[in-house]
Amino acid sequence: NVTSFSLPETADGLKQEAIRTAEELLQAYPDSTDSIRVAAHLQSSLGNSDVATALWHRCMEVNPNYAEAYFSLGQIAISDGKFQVAAPMFAKAALLTPDDPMAPALQADALMKSGRAQQAVAVLESHLRGRAFLDKAMLTLGQAYLQLNELDKAKQTFEALIRADPDDARAYYGLARV
């Protein structure tokens, strides 16, 4: 049974109430990915990445195909500077949610930050093939081409971004670097 809620008067009181509510949800529904997800997001927002990581792993035990767990673990790894850990998490999230453009873009970003620009290009080219224009993925692809010193491809990519959105300063910055 979830107890009644009354709005705390302080920010710390509200934080404690959120923690208490998440704990009650976990006790009431220990095998629910929804209750685990709420607790994981709360812990992550409080800066408790170790606790959030454990909760996301628990979520994956309940449902090994829970894409949000992989995506969130990738985000935590990125924030901790663990790009080698982040890339496969985003890759799994992308496999589970093929229509989500963010997972492959973040996977490629993690690959680039771990010195694997060629793999980043392969991920993005594969993801963009036959799809509608995706600005984050295209921007990362242009940056990967720059890192590989494939300047003609970088130029074409940034020019395509500018044609799609003439106000995108990031695309102009990328084009200026060619």
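This is a predicted model, so every value here is computed, not measured.

What counts as what
Residues numbered from 1 in each chain as written. Predicted model: local features only at pLDDT ≥ 70, side-chain atom pairs only at ≥ 80, totals over all residues. Heavy atoms only, no water. Phe/Tyr/Trp six-rings, centres within 6.5 Å; stacked < 30°, edge-to-face > 60°. Helix = DSSP H or I, 4+ residues; strand = E, 2+ residues; numbered from the N terminus. Buried < 20%, exposed > 50% of the residue type's maximum accessible area, 1.4 Å probe, protein only. Contact = heavy atoms within 4.5 Å. 1 Å grid on protein atoms, 1.4 Å probe; cavity = no way out; pocket = protein on both sides within 12 Å on 5 of 7 lines; lining within 4 Å. Points joined across faces, edges and corners; volume = space filled by probe spheres on them. Nonpolar A, V, L, I, M, F, W, Y, C, P; charged D, E, K, R; others polar. Expected span 1.5 Å × (residues − 1).

A. Representation of the packing of aromatic side chains. Across all of its chains, the model carries 1 aromatic pair by this definition. Between Phe71 and Phe90, the ring centres sit 5.3 Å apart and the planes meet at 75 degrees, which makes this aromatic pair edge-to-face. Highlighted residues: Phe71 in helix α4 (residues 67–79) and Phe90 in helix α5 (residues 83–96), separated in sequence by 19 residues. Each member of the pair, Phe71 as well as Phe90, is classed as buried.

B. Quick peek at the environment of Phe158. Looking at where Phe158 falls in the secondary structure, it is placed in helix α9 (residues 151–164). Considering only alpha carbons, one finds Phe158 and Leu141, 17 residues apart in sequence, at a separation of 9.1 Å. In contact with Phe158, not counting residues within four places along its chain, are Leu139, Gly142, Gln143, Leu146, Ala171, Gly174, Leu175 and Val178.

C. Quick peek at the layout of surface pockets. Size it by volume and the largest pocket reaches roughly 150 Å³. Lining the largest pocket are 10 residues, with Ala91, Ala94, Leu95, Pro104 and Gln107 sitting closest to its centre. Of the residues assigned to the lining of the largest pocket, the class counts are 6 nonpolar, 3 polar and 1 charged.

D. Spatial organisation of α5. Taking 1.5 Å as the rise per residue, α5 with 14 residues should run 20 Å; its terminal C-alpha atoms sit 20 Å apart, in good agreement. Tucked inside the fold, the buried residues of α5 contact α4 and α6 (102–113).

E. Expanded view of the side chain of Thr33. Turning to its location among the elements, Thr33 is positioned in helix α2 (residues 33–45). With residues near it in sequence (within four places) discarded, Thr33 still touches Cys59, Val62, Asn63 and Tyr66.

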